[in-house]
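# Examining the three-dimensional arrangement
These are the residues of each chain, in order.
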Amino acid sequence: WRIMAEEMDAIGGQEMWMPNLHPAAIWQVTGRWMIWNEVLMKLKDHNGRDYALSATHEEVVTDLMLREVESYRDLPRVVYHISRKFRDEPRPRGGLLRLREFVMKDAYSLDTSEAALDEFYPSMVQAYHNIFRRCEVAALAINADVGAMGGKTSQEFIVPHPQGEDTFIRCTNCDYAANVEAAEFVREGVKPDSPAALTKVATPNCQTIAEVAAYLGVPTSQTIKAVFYWFTPNGKAEKEGRLVFGLVRGDLEVNEVKLTNALGGGTLRPAADAEISAVGAMPGYASAVGLPVARGLNQPGVWVIADLSIEAGGDFVVGANEEGYHFTGANYPRDFSVSLLADVAQADTGHPCPRCGGRIEARRGIEAGHCFKLGTRYSAMTNATYLDENGRPQLIYMGSYGIGLDRLMAIIVELHHDENGIVWPAAVAPYQLHLMHVGKGDEPRQVADRLYEDLRAAGLEVLYDDRDTSPGVKFKDADLIGIPWRVAVGARGLAEGGVEVKRRDRPERKVVPVDQVKELVNGNWL
RNA sequence: CGGGGUGUAGCGCAGCUUGGUAGCGCGCUUCGUUCGGGUCGAAGAGGUCAUGGGUUCGAAUCCCUUCACCCCGACCA
C-alpha cells in the first residue's frame, strides 16, 4: 500500500522481505514458542522438524539483528514489510475485522539505547497518525496493555465504533484515553473514622454480591468480592500453576489482564471449586479473613491479590468461609492481609479520571494499529548486542509497529459508506475513475472506448464498465463499488457536447467536454 | 471449552410439525422488447436435499453417527 510505504520511508524505514515460514528455533529462544502456543499455526516438515507460520515478525528481526548488527555504526535501523500473518484465533469474526490469515504492515526499529528509542518512537507514532489521516480514518492513540508482545509501553490506535471488539476509556473532561486493560482510575470512598468490630452474621442463601448487599441493606461498594483463578506462569505447565485469590470491592470488576500483569505474566483460568476449597476458602462465602495468606509472591501461603479499592472504604461485608455466613465490619489491614495490593480492577463509565478527576466513559472501538516500545525484551533473551564506542557489548533496544491492512480496509468501508454502497476516499480508492457507456447506439460506446485509452495513457487508474446492459444496472453497480469519480458516456451528454461526470460523494452531475475529463481528478469540481 | 442454530440449484430461502420422490426469488442461457437509475415478456438449463447408518412398501421430512459453517457464553462466589 503506497501510503504505508511512503510514511515508513519518510522516517527512514527500509523495506525488506521476511520469511513466512519460521523455524521453531527462533521462537523458542524468545520463549514465545510456548507463550504463543495457542496462537501459532505450527507444522512439521518431512523430517519432523517444527515450523510455525508467521504470526508476527519480532523473532525474524531478532534473528536478523543477531547476525547483522555488530557495532553502533550499524544502528539505528528501521525495517518494515507488508506480508501475511497467520494466527489461530479462537473465534474469527466480523468479516475482515478478525481473520486467521491477514495482511499486515509491520515495522521494527533497532536503537542503541533507551534514550535513542524514546527519541525515535514519537516519529513512528506521528507516521501512524499520518497514515490514518490520509486514509480518512479517525483513529485515537491511546495507552494500552502490551499483552503478548512484551515490552514496556504501547500506543494503540483505536477507531471508535459501536461494533468494535475493544473497550477503551476516555475522559469526558481532559484528553486522557486508554484501553480498559491499561486504564487507571481513582477509587472513590473513605475509610471510617472509627471502624466497626468484625462481626459474623448469618446470610442464608446469599452467594452473590448483589444478594448479600440486598440482604444486609448495604451498597455493593461496602462489600468485597472474591474471585478465584488458576494461574499458570509463562513457560510453565498448567499443573505447575497455583491458585490466585483475587479481591476487589463489590461494585467493581476484576480485569484479568491487569491481574495477569500484576502476577508477572501468564495465563488465567477460573478455578474449580475443589481447588478453592483446598486452600480453606468456601466458594460463595469466601474471603481472606482467617486464611494463611502469603506475605508476598515469593512467601509461603495462599496468594491473595487485592485491588487498590479495598483501601477506599471500610467496614466491609466479606465472606466468613463458612456456608451461610459473612462478616461485617471487615477492614484492611486490621482484619486480613494480602500478598499484593495492585491495580487489578476494571475502569468503567462514571469513575474519576486519574489525570483530572473528571468522569471517564467506556466506549467500544476497533484496534486499527499498535506501536510497542519493546526495549530489551527480545535482545536480552537472545543476548543480541552491539559494540559501543568503547568496544563494550550493549543490548539493542527494539520497537515494533503494526497495522492490519484487511482490517483497515474494513474500517474505511465502515466509516465511508451510504445506503447505496461504498464511498471510497480518493487516497485509498482501488481506481480513480469509473467509466461507462450508457444507452443505445454505437457512438457512446466508441467515444467511451477512446476515452478509456486516453485516460489510461494519461496515467489514470480507470475501471471501465463496458458491459452491454441497461443504464440502471451500471449506475447501481458503480454506486456499490464506490469509485470517487464516475464518467458516463451517453447520447444525452454527447448532445450537449460532452460526457456526464459525477462524484460518488455528491449528488450533482455535470457535463464536461471529453478532452477535459483527465483534468478532473486533480482539478476543481464545479 | 460450554450452549444454541443452520446445512435443499451459482446466491438467498421455503418445504420437515402431519413421510408419497423438490419449489420460490435473484442470477444464468436463448429469442424478442426496452435503453440515463436494477425494463418487460416467452422459452430453457441447473439439485448425490452436507455425510454415513437406521426405521418404513416408501425418507429432504422420523431416529442415531460424523463433518462443516454461524451465533452466544466462558464461571466475579
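Before reading further, recall that the structure is shown in the block above.
Attention here is on the structure that accompanies the text. The residue numbers shown here count from 1 along each chain, following its written sequence. Chains and ligands are labelled sequentially in the order written, the chains with letters from A and the ligands with numbers from 1. Under the rules for a predicted model, residues below a pLDDT of 70 receive no local features and side-chain atom pairs below 80 are neither given nor counted, while totals for whole chains, interfaces and linings still include all residues.

### Here we look at the packing of helix H1 (residues 2–10) against helix H5 (residues 114–134)
Note the following rule: Only the stretch in contact is used when fitting a helix axis, every axis being a line fitted to C-alpha atoms; angles between N-to-C directions are given from 0 to 180 degrees. Think of it this way: any DSSP run of H or I at least four residues long counts as a helix, any run of E at least two long counts as a strand, and we number them from the N terminus. Here the angle decides the label: under 35 degrees means roughly parallel, over 145 means roughly antiparallel, 65 to 115 means roughly perpendicular, and every other value means oblique. The handedness criterion is simple: a crossing whose near helix is rotated anticlockwise from the far helix by less than a right angle is left-handed, and one whose near helix is rotated clockwise is right-handed. We call two residues in contact when the distance between their C-beta atoms, placed using the backbone, is within 7 Å.
At a closest axis distance of 10 Å, the pairing of H1 and H5 adopts a crossing angle of 155°. On the basis of the axis angle, H1 is roughly antiparallel to H5. Seen from above, H1 lies across H5 with right-handed handedness. Of H5, the residues touching H1 (which contributes Ile 3, Met 4, Glu 7, Met 8 and Ala 10) are Ala 127, Asn 130, Ile 131 and Arg 134.

### Some points on the protein's contact with RNA strand B
Going by this rule: In this entry, near means the residue's backbone-placed C-beta atom lies within 6 Å of the molecule or strand. Charged residues are taken to be Asp, Glu, Lys and Arg, nonpolar residues to be Ala, Val, Leu, Ile, Met, Phe, Trp, Tyr, Cys and Pro, and polar residues to be all remaining types, Gly included.
Close contacts around RNA strand B come from 42 residues, with Ile 209, Pro 270, Gly 284, Gly 472 and Gly 490 the closest. When residues of the surface near RNA strand B are traced back to their parent elements, those giving at least two are strand E12 (224–233), strand E14 (266–270), helix H12 (471–481) and helix H13 (491–495). Ranked by residue count, the leading element in the surface near RNA strand B is H12, at 8 residues. Within the surface near RNA strand B, the residues separate by chemical class into 19 nonpolar, 11 polar and 12 charged.

### Regarding the sheet that holds E12
Stated formally: What makes two strands pair is DSSP finding at least two bridges between them.
Taken together, the 5 strands give an open sheet; going across it, the order is E14-E12-E13-E15-E18, and neighbouring strands pair in mixed fashion. The open sheet has two free edges, formed respectively by E14 and strand E18 (340–342), since each of these has just one partner strand. Ignoring strand direction, the axes of neighbouring strands in this sheet form an average angle of 35°. As defined by bridge partners, strand E13 (residues 242–249) adjoins strand E15 (residues 303–307) across 4 bridges and the pair is classed as parallel. Paired with Phe 245 across the bridge in E15 is Val 304.

### A look at the sheet that holds strand E25 (residues 433–437)
With mixed pairing, the 5 strands of this open sheet are ordered in space as E26-E25-E27-E28-E29. A single partner strand is all that each edge strand has here, and the edge strands are strand E26 (462–465) and strand E29 (509–512). Neighbour-to-neighbour, the strand axes of this sheet turn through a mean angle of 25°, independent of strand direction. With 4 bridges joining them, E25 and E26 adopt parallel strand pairing. Pairing of Leu 435 across the sheet is with Tyr 464, part of E26.

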